[in-house]
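Letter by letter, the chains look like this.
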Amino acid sequence: MKNIYFLLLLFLIFTCENINNMSLVTIEKQFFGETLDGNEIYEYILKNEKGMEVSVINYGGIITSWKAKDRDDNYQDIVLGFDNINDYETKNPYFGALIGRYGNRIAKGKFSIDDKNYTLATNNDENHLHGGLKGFDKVIWNIEEIFHESSASLVLKYISSDMEEGYPGNLNVKVIYTLNNNDELIVKYEADTDKTTIVNLTQHSYFNLSGDFNQDILNHEVKINADSFLPVDSTLIPTGEKREVFDTPFDFLQPKKIGRDIEMDNEQINYGNGYDHCWVLNKHTDELQFVASAYDDSSGRLLEVYSNQPGIQFYTGNFLDGSLKSKYEGNYKFRSGFCFETQNFPNSPNEHSFPSASLRPGEKYLTQTKFKFSVK
Ligand code: GLA
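All of the points below concern the structure found in this document. Because the structure is a prediction, the values reported are computed rather than measured.

**As for the pattern of salt bridges**
Phase 1 of the analysis: In this structure the tally under the stated criterion is 18 salt bridges.
Phase 2 of the analysis: Close ionic contact of K174 with E190 constitutes a salt bridge, the shortest N to O distance being 4.0 Å. One end of the pair, K174, is in strand β13 (residues 171–180); the other, E190, is in strand β14 (residues 184–193), with 16 residues separating them in the sequence.
Phase 3 of the analysis: Residue K174 is classed as partly exposed on the basis of its relative accessible area of 28%.
Phase 4 of the analysis: Assessed through its relative accessible area of 15%, E190 is described here as buried.
Phase 5 of the analysis: It is possible to trace a salt-bridge network through shared partners that takes in E184, K370 and K372.

Written as structure tokens, this is what we have:
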């Protein structure tokens, strides 16, 4: 009997190893640099069978580069970023980063849970933005590599301690980046807590599908699956209204060039200095649904985003002003990248008509977003 168990064990080990060897998505690990306080940062390069490459560092879970093919099979980097760790530490406008605990803004940095008031850093004029002074974009994540039959994953873990950046509860966070052979990157977010807290995790890559970061993104054609968006006040906090997009510059129900209406004289466009708003996605369910797409005709690259989140912040790089040095030639100019940040609504903890962002002990935060590339 014992022998049978032993043979079974050998068979299992053999099968698992074979799955590892069969995986056509590989991971290479290389030294990226040292942080100002002496931590060694590594870059993990996921590469699929076709040639797509996604590089992630253990600082901020940042996607530092993402190479996708154009219609002539040329692979080019399509995300903005830096070529060194110190720029990521000192001047990053969230290029490629994981964002938490609360992605987007919380009015005046204040919220309450069960009648207890909490105060967060006001790091965006009078509001709280993207988790505070040292959000998840600036912490060091533990990374594990996992291989599957036709994909490979990086499992990033971080424990955010009780009251870190002012948020209650010890929060266990896991983010899994999976690259497969269909040119899809799936980002899964998981979290649990020991005290009731608020959570809103997202990914802040700035895309420029042309692969030429000296060009702006105004010719990209964008589609967003949303009949309404959240108007904001002059400090970019949603007013609480859900406004229909029809007959406004916010209508992306049919593919439209980003540049078509971006200069319109419209109060909401003026507040954002372009698009910097959350769209209310149609048909919000637990399943992945089509959220948005962007197409660049000069290269033929098409990016489609699927998610089970209720909203997407579509931001058109309006704060880029030419002062940041590119990882290649030149500087990042105004609107040279755009972000598709799938998420819960901004300021949800203070806006009771918005979907709840609270997480209680015993519950699991589970969200997922898929970025799919193809060419036309
Ligand atoms: C988000 C915000 C923008 C801006 C960027 C980072 O997209 O909505 O207002 O802060 O992050 O620069």
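**Things to note about the sheet that holds strand β18 (residues 228–230)**
Phase 1 of the analysis: Read from one edge to the other, the open sheet built from five strands follows the order β19-β18-β21-β24-β25, with strand pairing classed as antiparallel. Of all strands in the sheet, those with a lone pairing partner are β19 (243–244) and β25 (339–343), marking the two edges.
Phase 2 of the analysis: As paired strands, strand β21 (residues 276–280) and strand β24 (residues 311–315) are joined by five bridges and run antiparallel to one another. Within β24, the position partnered with V280 by the bridge is G311.

**So, the site of the ligand**
Phase 1 of the analysis: In the vicinity of the ligand, the residues found are P93, Y94, R105, L129, H130, H204, Y206, D276, Q313, Y315, F319 and E341.
Phase 2 of the analysis: At a separation of 2.9 Å, an oxygen atom of the ligand approaches a polar side-chain atom of H204.
Phase 3 of the analysis: Starting from 300 Å² of accessible surface for the ligand in isolation, the protein chains cover 95%.
Phase 4 of the analysis: Classifying every residue of the shell around the ligand by side-chain character gives six nonpolar, three polar and three charged.

**Considering the state of the cysteines**
Phase 1 of the analysis: In total, this model carries zero disulfides according to the counting rule given.
Phase 2 of the analysis: Of the cysteine sulfurs around C278, a residue in no disulfide, the closest is that of C339, at 13 Å.
Phase 3 of the analysis: Taking the relative accessible area as the measure of exposure, C339 reaches 0% and is therefore buried.

**A look at the sheet that holds strand β1 (residues 26–34)**
Phase 1 of the analysis: Sheet architecture is open: five strands sit in the order β1-β2-β3-β4-β5, paired in antiparallel fashion. If you trace the sheet from one side to the other, it starts and ends with β1 and β5 (75–77), each paired once. With direction set aside, neighbouring strand axes in the sheet form an average angle of 20°.
Phase 2 of the analysis: Summarising the sheet, strand β2 (residues 40–47) and strand β3 (residues 53–57) pair through five bridges and their orientation is antiparallel. By the bridge assignment, I45 is partnered in β3 with S55.

**Structural notes on the side chain of T367**
Phase 1 of the analysis: Within the secondary structure, T367 sits in strand β27 (residues 365–375).
Phase 2 of the analysis: Not counting chain neighbours up to four residues away, the residues in contact with T367 comprise V187, K188, Y189, N308 and Q309.

About the criteria used
- Every chain begins its residue count from 1, and numbering advances along the sequence as written.
- The predicted nature of this model means local features are confined to residues of pLDDT at least 70 and side-chain atom pairs, given and counted, to a pLDDT of 80 or more, with totals for whole chains, interfaces and linings taken over all residues.
- Side-chain calculation: all heavy atoms of the structure are included, whereas hydrogens and water are not.
- A side-chain nitrogen of Lys or Arg and a carboxyl oxygen of Asp or Glu constitute a salt bridge if their distance falls within 4 Å.
- Only DSSP runs of H or I covering at least 4 residues are called helices, and only runs of E covering at least 2 are called strands; the numbering of each starts at the N terminus.
- Partly exposed describes any residue whose relative accessible area lies between the buried limit of under 20% and the exposed limit of over 50%, with all areas from a 1.4 Å probe on protein chains only and scaled to the type maximum.
- If DSSP finds at least two bridges between two strands, the strands pair.
- Summary of the distance rule: residues count as near a molecule or strand when at least one heavy atom falls within 4 Å of that molecule or strand.
- Two N or O atoms count as a polar contact when they lie within 3.5 Å, although within protein this holds only if one can serve as hydrogen donor and the other as acceptor, and sequence-adjacent residues are included solely when both atoms are side-chain atoms.
- For the area figures, the Shrake-Rupley method with a 1.4 Å probe applies, and any residue is considered shielded solely by the protein chains shown.
- Throughout this entry, Asp, Glu, Lys and Arg are counted as charged residues, while Ala, Val, Leu, Ile, Met, Phe, Trp, Tyr, Cys and Pro are counted as nonpolar. The remaining residues, Gly among them, count as polar.
- The rule for a disulfide is simple: a pair of cysteine sulfur atoms within 2.5 Å.
- To obtain each axis, a line is fitted to C-alpha atoms, and for helices this fit is confined to the stretch in contact; angles are then taken between N-to-C directions over 0 to 180 degrees.
- Note on contacts: a residue pair qualifies if any of its non-hydrogen atoms lie within 4.5 Å across the two residues.

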